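Structural description and commentary
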Amino acid sequence: MSNVILKMDGIVKEFSGVRALDGVSIDVERGRVHAICGENGAGKSTLMKVLSGVYPHGSFDGTITLEGSPVSYGSINDSERDGVVIIHQELALSPFLSIAENIFLGNEVSRGGVIDWNKTNLEAARLLQRVGLAENPATKIVELGVGKQQLVEIAKALSKEVKILILDEPTAALNDDDSAHLLGLIRQLNETGITSIIISHKLKEIRSIADTVTVIRDGRTIDTFEVQDTEEIETRIIRAMVGRPLDHQFPPREPQIGEEKFRVEDWTVHHPIDVDRLVVDRAFFSVRAGEIIGFAGLMGAGRTELAMSIFGRSYGSGISGRVYKDGVEIRTRTVEEAIRHGIAYLSEDRKRYGLNLIGSVTVNVSAAALGKLARLGIIDRNREYRVADEYRKRMNIRTPSVSSLVENLSGGNQQKVVLSKWIYSGPEVLILDEPTRGIDVGAKFEIYGIINELAAQGKAVILISSELPELMGLADRIYTIAEGRLTAEIPRADATQEELMRHMTADRSQGAETP
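Just so it is clear, the model here is predicted, and its values are computed rather than measured.

1. Re the overall build of the protein chain
Secondary structure summary: the protein chain contains 17 helices and 24 strands in total. Computed over the C-alpha atoms, the radius of gyration of the protein chain is 24 Å, within 12% of the 24 Å expected from 2.2 N^0.38 for a compact globule of 515 residues. C-alpha atoms of the protein chain, sized along the principal axes, occupy 75 × 50 × 50 Å. Expressed as a percentage of the 515 residues in the protein chain, the buried residues total 53%. In the protein chain, the proportion of contacts linking residues at least 24 apart, taken out of those at least 6 apart, comes to 67%. Here the protein chain has roughly 23,100 Å² of accessible surface; of this, 47% comes from carbon and sulfur atoms. In the protein chain, 61 side chains carry a positive charge and 73 a negative one; their mean positions are 4 Å apart.

2. Remarks on the nonpolar core
One finds F262, W267, F285, F295 and I462 to be the most contacted residues of the largest nonpolar core, which totals 79 residues. The element that contributes the greatest number of residues to this core is helix α15 (residues 441–456), accounting for 7 residues. V33, V152, L183 and V242 belong to the second-largest nonpolar core, a separate cluster that totals 49 residues.

3. Side note on helix α1 (residues 44–52)
Helical geometry note: an α-helix holds 3.6 residues per turn, so side chains three or four residues apart project in the same direction. Within α1, 7 of the 9 residues are buried, leaving the element largely enclosed by the surrounding structure. Taken as a whole, α1 has its buried residues at K44, T46, L47, M48, V50, L51 and S52. Directly beyond the C-terminal end of α1, a positive phi value near 90 degrees is found at G53.

4. Some points on the sheet that holds strand β13 (residues 260–270)
The strand order across the open sheet formed by 4 strands is β14-β13-β16-β17, and the pairing between neighbours is antiparallel. Of all strands in the sheet, those bounded by a partner on one side alone are β14 (278–288) and β17 (328–330). Recorded for the sheet is a direction-independent mean angle of 15 degrees between the axes of neighbouring strands. Examined bridge by bridge, β13 and strand β16 (residues 317–325) share 6 bridges and lie antiparallel to one another. Along β16, the bridge assignment pairs T268 with S320.

5. Side note on the pattern of salt bridges
Applying the stated rule across the entire model yields 36 salt bridges. In this structure, the salt-bridge partner of R220 is D22, at a minimum N-O distance of 3.0 Å. Highlighted residues: R220 in strand β12 (residues 220–226) and D22 in strand β2 (residues 18–29), separated in sequence by 198 residues. On the accessibility criterion, R220 (42% relative accessible area) is partly exposed. What makes D22 partly exposed here is its relative accessible area of 23%. For K261, the salt bridge is made with E428, and the minimal N-O distance between the two is 3.0 Å. Taken together, the positions of K261 in strand β13 and E428 in the loop between α14 (411–424) and β21 (429–433) put the pair 167 residues apart, joining distant regions of the chain. According to the relative accessible area criterion, E428 is partly exposed, its value standing at 29%. In the salt-bridge network here, residues are joined through shared partners; they are E14, R19, D22 and R220.

Definitions and cut-offs
- Residues numbered from 1 in each chain as written.
- Predicted model: local features only at pLDDT ≥ 70, side-chain atom pairs only at ≥ 80, totals over all residues.
- Heavy atoms only, no water.
- Helix = DSSP H or I, 4+ residues; strand = E, 2+ residues; numbered from the N terminus.
- Rg over C-alpha atoms; globule rule 2.2 N^0.38 Å.
- Buried < 20%, exposed > 50% of the residue type's maximum accessible area, 1.4 Å probe, protein only.
- Contact = heavy atoms within 4.5 Å.
- Areas by Shrake-Rupley, 256 points an atom, 1.4 Å probe, with all protein chains shown as cover.
- Lys, Arg positive; Asp, Glu negative; His and termini not counted.
- Charge placed at Lys NZ, Arg CZ, Asp CG, Glu CD.
- Core = buried A, V, L, I, M, F, W, Y, C linked by side-chain atoms within 4.5 Å.
- Pairing = 2+ DSSP bridges.
- Axes fitted to C-alpha atoms, helices over the stretch in contact; angles between N-to-C directions.
- Salt bridge = Lys/Arg side-chain N within 4 Å of Asp/Glu carboxyl O.

Here it is, written out as C-alpha cells:
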C-alpha cells in the first residue's frame with residue numbers, strides 16, 4: 001500500500017491573467033516532514049492556500065487526492081474537517097481572548113447549546129501540555145510572545161484532530177530558543193503520525209528537520225529529493241530555487257569610506273508605559289559616508305527601540321541625547337523632521353509600519369516624498385506612476401503593474417517596495433531594521449546588492465540584523481548591544497560569531513569596548 005497521504009497533481013492557479021501556479025505536482029508521505037522551498041513569489045503559499053480551501057475548488061485547475069480519495073474544498077472549514085490545518089505566517093489569533101477561547105473559537109465545547117467552560121479549560125490545558133506551553137488557559141493572547149502564540153496555534157490545530165499540519169514560515173519571527181522548541185515539537189508530532197508541510201527560507205532549519213524537499217520556481221515544480229544533513233543539500237536547494245549557483249553569499253564590495261556623516265551621543269530612552277524602565281542607556285555611535293555599520297543583539301536588547309527613538313521619536317519616553325549630521329547638531333523630534341534631515345528608517349515590521357497594504361505599488365513608492373511630485377499642492381499622478389515604474393525596473397520588483405496592490409506581492413517584493421520608498425525620498429542616512437527577514441536567498445542577494453550600492457553612493461547605512469553572518473558579510477564595523485547598552489565596537493576584520501555573542505550577552509554594567 002502506498003504511503004502517500006496527499007497528492008496534488010497539475011495545479012494551475014491564475015490571478016488577473018498572471019499564472020502563479022503552472023502545473024505544480026507534489027506527493028507527501030504520511031508521518032514525514034515535507035519542506036517546500038522557493039524564492040518569494042514562486043507560488044509556495046499559493047499552493048498551500050489551494051490545498052487548504054482558501055482558494056476554493058473551481059478557482060484553480062488540477063486535482064487533490066487525500067488518503068487515496070479525490071477532495072474538493074470550498075473553504076478552510078471543509079479542509080479542517082478532513083484534518084488539513086494551515087497555520088499562516090501572520091498568526092490569526094484574537095489578542096484579547098484567552099488561550100482557551102482561541103483554541104476552540106468556532107469549535108466551542110458546549111452542552112445544550114451553552115459553552116462548558118470547565119471542560120473547555122481542562123481540554124485546553126491538556127493541549128497546552130502536549131505542545132510544551134506552561135501557561136494558564138485563561139491567559140489572554142496579548143500577554144504572550146510570538147513564540148508562545150505559535151504554540152497556541154499548534155494546540156488549536158491539534159484540537160481539530162489534524163492529519164496534515166501546514167506551517168508557513170513558522171520560525172520567521174522567533175528567536176533561536178523558540179525556533180528549536182518549535183522544530184522539536186514538529187518532530188514529536190510526526191512520531192505520533194501527524195504529517196507536516198513546512199514552507200521555510202531557512203536552509204539550515206530545513207536540513208535539520210525535513211525528510212523531503214520540493215523546490216518551486218516561477219510557479220513550477222523544479223525538483224523533489226530526500227534530505228541528508230550535509231552542506232551539499234543547501235547548495236542543491238539554492239541552485240534549484242534561483243536557477244543558478246550562488247557562489248558567494250554576499251556581493252563583492254570595496255568600501256569607499258569618507259568623513260563622518262552621522263553621530264549619536266549619550267542617547268537614553270525609557271519605556272513608553274513603564275517610564276522608570278531604561279530601554280536604551282547612554283548609547284554612543286557614529287557612521288561615515290559610504291560606510292555600513294551593524295547592530296548585533298539578542299531579542300529585546302534594544303536595537304529596534306534605539307532606531308525608532310532616533311527616527312522621529314517613534315518609540316519611547318523621556319528621550320535625551322544628541323544627534324549630529326555632518327558635524328552639526330540636529331533635532332529629530334518628529335518623523336517629518338527626521339525625513340527632512342535626510343534620515344530614513346526601514347522597519348522590521350514592513351506590514352505594520354512600512355507599507356499601505358491596500359495601496360498600489362505606485363502609492364507606496366511615493367509615500368515618503370510626495371512633495372517631490374507636487375505642483376502648487378497637487379500631485380502629478382502621471383509622474384508618480386513613471387517614478388514607481390522606474391523603481392520597479394531598477395529594483396526588479398516582480399509585479400505585472402505598479403498599479404497592483406502591495407498586499408498581493410511576495411514578502412521579498414514588498415521589501416523592495418519599502419526600500420524604493422525610502423531611496424526615492426533621497427536620504428543620506430538609512431537605518432535598515434532586519435531588511436532581509438522572511439525572504440529567500442535569491443531576494444536576499446539582490447537586497448545585499450542594493451545595500452552595497454547605497455553605500456557606494458556615499459550614503460551612511462545602519463544595519464540591524466539578527467543574523468550574525470549577515471552582519472559580518474556586510475558591515476564595516478559592528479556594535480553589540482545588551483540590555484539597552486552598547487557593549488563593544490568591533491571592526492569587520494576582527495568579528496567572529498563567538499566574539500559578537502560574548503559581547504551580546506555581556507553584563508549591563510560593562511561599557512562599550514572599542515578596538
